[in-house]
Amino acid sequence: MTTSAIPANSLGTPVYPPPAPPEPTPLPERLDGLDRLVQAGTGRLDQPLLDDAGALLDRAGQRLRLSGDHTVVTLAGGTGSGKSSLFNAICGLELSPTGIRRPMTSQAHACVWGLDGAGPLLDWLDVDKRHRYARASALDLERPDTSLQGLVLLDLPDHDSIQALHRAEVDRFVTIADLLVWVVDPQKYADAALHRNYIVPFARHAGVTLIVLNQVDRLGPDEIDDCVADLRRLLEAEGLAHPRIVTTSAVSDEGVTGFRDILVDTVAARRARGERLSADIDKVAERFAVHRYTADPPTTVEDDRRQDLVQALTDAAGATAVADAMESAYELRAADFVGWPVTALITRLRSDPLRRMRLTELREELRDAFTGPIGAQQGDVDNALHTVTAGVAAELPPPWARSVRAAARTNAVEIPEALGESLKDALPGFNQVPRWWWLIKTWQYFLILVAVLSVAWIGLLVAYGLLDAGQNPPDLVGEAGLIPYVAVLAVCTLGMGLLTASACRNLVALSSAKHGDKMEEHMREGIERVADEKVITPINAELERYARYREDVTKALGD
């Protein structure tokens, strides 16, 4: 296998050719990108921009479905510029009326070279059938002309006509023509109406715009050069980069040769349609690019901001207060199980009689507290939403910053109730009685039983052992010497109960704190789910849309 040698410079250093320029983005892909921009911008960007882009998509789709073998060229200009004479000169026939009375052209006239596929195109252009002409007709048999095969040449009404209908006709055709030809004369080439209404708005279309300085037969050679130089300076000042200018004179066949050669090259290349649509897409896509920052945007809400939101919603829902309330309720209820019943009885005799009812109804009260917007104040929720979007929105263009804020508030009205439900769902798991509480309660009542039996035993010992209440009692109730021992048993039993209650209170205090923390953790998990579902997910979806929007802007621009 042989390999081609790499060229070297005079010093022997290899010279590598520059890399080939990237292939331009195909027109259908650019249109698809523009279509996605319209969809993404709906409800976010200005409606006039979306309307213009939608109109371009419709127009481009229709033009691409029509004949690609034909190039639509419009001759437009002001009154007296001689465009109709120029039209007739190119056609070789007197097709468009000319004369002293102006304006003569009230409707667009079309001359077609090559009829195959031209009918639907002319219908789409809405050219009256009375003003359609074909160079392949019987009138043209003596002058066959194939160099312009595929040309659709249009003679338009004057753009400065006093008739609004004429101006509207010009406005319509300049938006759909493949090649825009502006015919000017030496006296009015700086006409303000032409430059203000057409040259400046279509400055981005320099590649599909041709300026024809007509009637140069009225000027001398030096005057022609001066007019062309002044016209070029004026066009460049108005943003038309590298304007193409050709001089013509319709009084002789040689006067339109240069213009005709440009038409021949344009028709042969068959690129005017794609170049015109590309220029249109460039113009609209740049308006979308204004709403795209160059810096890479965030694609998700940062974890720090997410945690701040969760904390703000936790505070708004009062989760800490609920956990503290449940911790207190846990301790109060534990006292009924692990406390010394004798002390509890004494305390109950002098305490609020509603206390037990409060304990039994506490769970229901807390559950009822989270069944509606009472679970969190709407104002606190709104503040939390504003805080989480403030940092994200600061990195986005204004329309997308607004859409992110709107996305965060999509479920704002539902959030208070959702927070309440999340707290409510966390309650049942912490309202159950631990098994060891029952064991302690059983142990306490066993001690009370022993103490009661001990007191009864002492009573029997006093009755039978000291007071001789009966004859020949058993030794266990008749021996008075057992009274101190039984009294010690009763006192120890009571002491054990008090010590058990005291130890359990300390254990319950530690356990209640643990349960309070666990309760708050479970409530926070529920609040995190609410924050993710109601706030974070909509914001992330909007950020992803903006990321795709940036990609589609690049695609539409053809970069």
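Look up a bit, the structure's there.
Predicted, not measured: the structure shown is a model, and the values here were computed from it.

Novice: If you had to explain a negative patch on the surface to someone new, which residues and values would you point to?
Specialist: Together, Asp222, Glu223, Asp225 and Asp226 give the surface a local cluster of negative charge. If you trace the backbone, aspartate 225 turns up in helix H7 (residues 221-237). Exposure remark for aspartate 225: the relative accessible area of 51% places this residue in the exposed category.

Novice: I'd like a rundown of the packing of aromatic side chains, residues and numbers included.
Specialist: The tally for this structure, following the rule as stated, stands at six aromatic pairs. Each ring, one from tyrosine 546 and one from tyrosine 549, has its centre 6.4 Å from the other, and the planes form 20°; the classification is stacked. In this pair, tyrosine 546 and tyrosine 549 both sit in helix H19 (residues 483-557), three residues apart, roughly one turn of the helix. Owing to a relative accessible area of 0%, tyrosine 549 belongs among the buried residues under this scheme. Sitting above the plane of the phenylalanine 173 ring, arginine 172 keeps its charged end 4.3 Å from the centroid. Across from the ring centre of phenylalanine 202, 4.6 Å away, lies the NZ or CZ of lysine 283, which sits over that ring.

Novice: Before we move on, can you summarise the packing of helix H1 (residues 27-41) against helix H2 (residues 47-65) with the specific residues and values?
Specialist: H2 packs onto H1 with a crossing angle of 150° between their chain directions and a minimal axis gap of 10 Å. As the angle between them shows, H1 and H2 are arranged roughly antiparallel. Relative to H2, the crossing made by H1 is left-handed. Residues Leu27, Leu31, Leu34, Asp35, Val38 and Gly41 of H1 lie in contact with H2, whose contacting residues are Leu50, Ala53, Gly54, Leu56, Leu57, Ala60 and Leu64.

Novice: I'd like to hear about the side chain of glutamate 542, residue by residue, with values.
Specialist: Take glutamate 542: it is sitting in helix H19. On the basis of relative accessibility, which here comes to 4%, the residue glutamate 542 falls in the buried class. Side-chain polar atoms of glutamate 542 contact the side chain of arginine 545, separated by 2.7 Å. Here glutamate 542 is in contact with Arg44, Trp400, Ser403, Val404 and Ala407, once residues within four sequence places are set aside.

Novice: Explain helix H17 (residues 435-466) to me, and be specific about the residues and the numbers.
Specialist: The first and last C-alpha atoms of H17 sit 46 Å apart over 32 residues, in line with the 46 Å expected at 1.5 Å per residue. Within the sequence span of H17, burial applies to Trp437, Ile440, Gln444, Leu447, Ile448, Ala451, Ser454, Ile458 and Leu461.

Definitions and cut-offs
Residues numbered from 1 in each chain as written. Predicted model: local features only at pLDDT ≥ 70, side-chain atom pairs only at ≥ 80, totals over all residues. Heavy atoms only, no water. Patch = residues over 30% accessible without salt bridge, like charges linked within 9 Å, V, L, I, M, F, W, Y side chains within 5 Å. Areas by Shrake-Rupley, 256 points an atom, 1.4 Å probe, with all protein chains shown as cover. Salt bridge = Lys/Arg side-chain N within 4 Å of Asp/Glu carboxyl O. Lys, Arg positive; Asp, Glu negative; His and termini not counted. Charge placed at Lys NZ, Arg CZ, Asp CG, Glu CD. Helix = DSSP H or I, 4+ residues; strand = E, 2+ residues; numbered from the N terminus. Buried < 20%, exposed > 50% of the residue type's maximum accessible area, 1.4 Å probe, protein only. Phe/Tyr/Trp six-rings, centres within 6.5 Å; stacked < 30°, edge-to-face > 60°. Lys NZ or Arg CZ within 6 Å of the ring centre and 35° of its normal. Axes fitted to C-alpha atoms, helices over the stretch in contact; angles between N-to-C directions. Parallel < 35°, antiparallel > 145°, perpendicular 65-115°, else oblique. Left-handed = near helix turned anticlockwise from the far one by under 90°. Contact = heavy atoms within 4.5 Å. Polar contact = N/O pair within 3.5 Å; in protein donor to acceptor, adjacent residues only side chain to side chain. Expected span 1.5 Å × (residues − 1).

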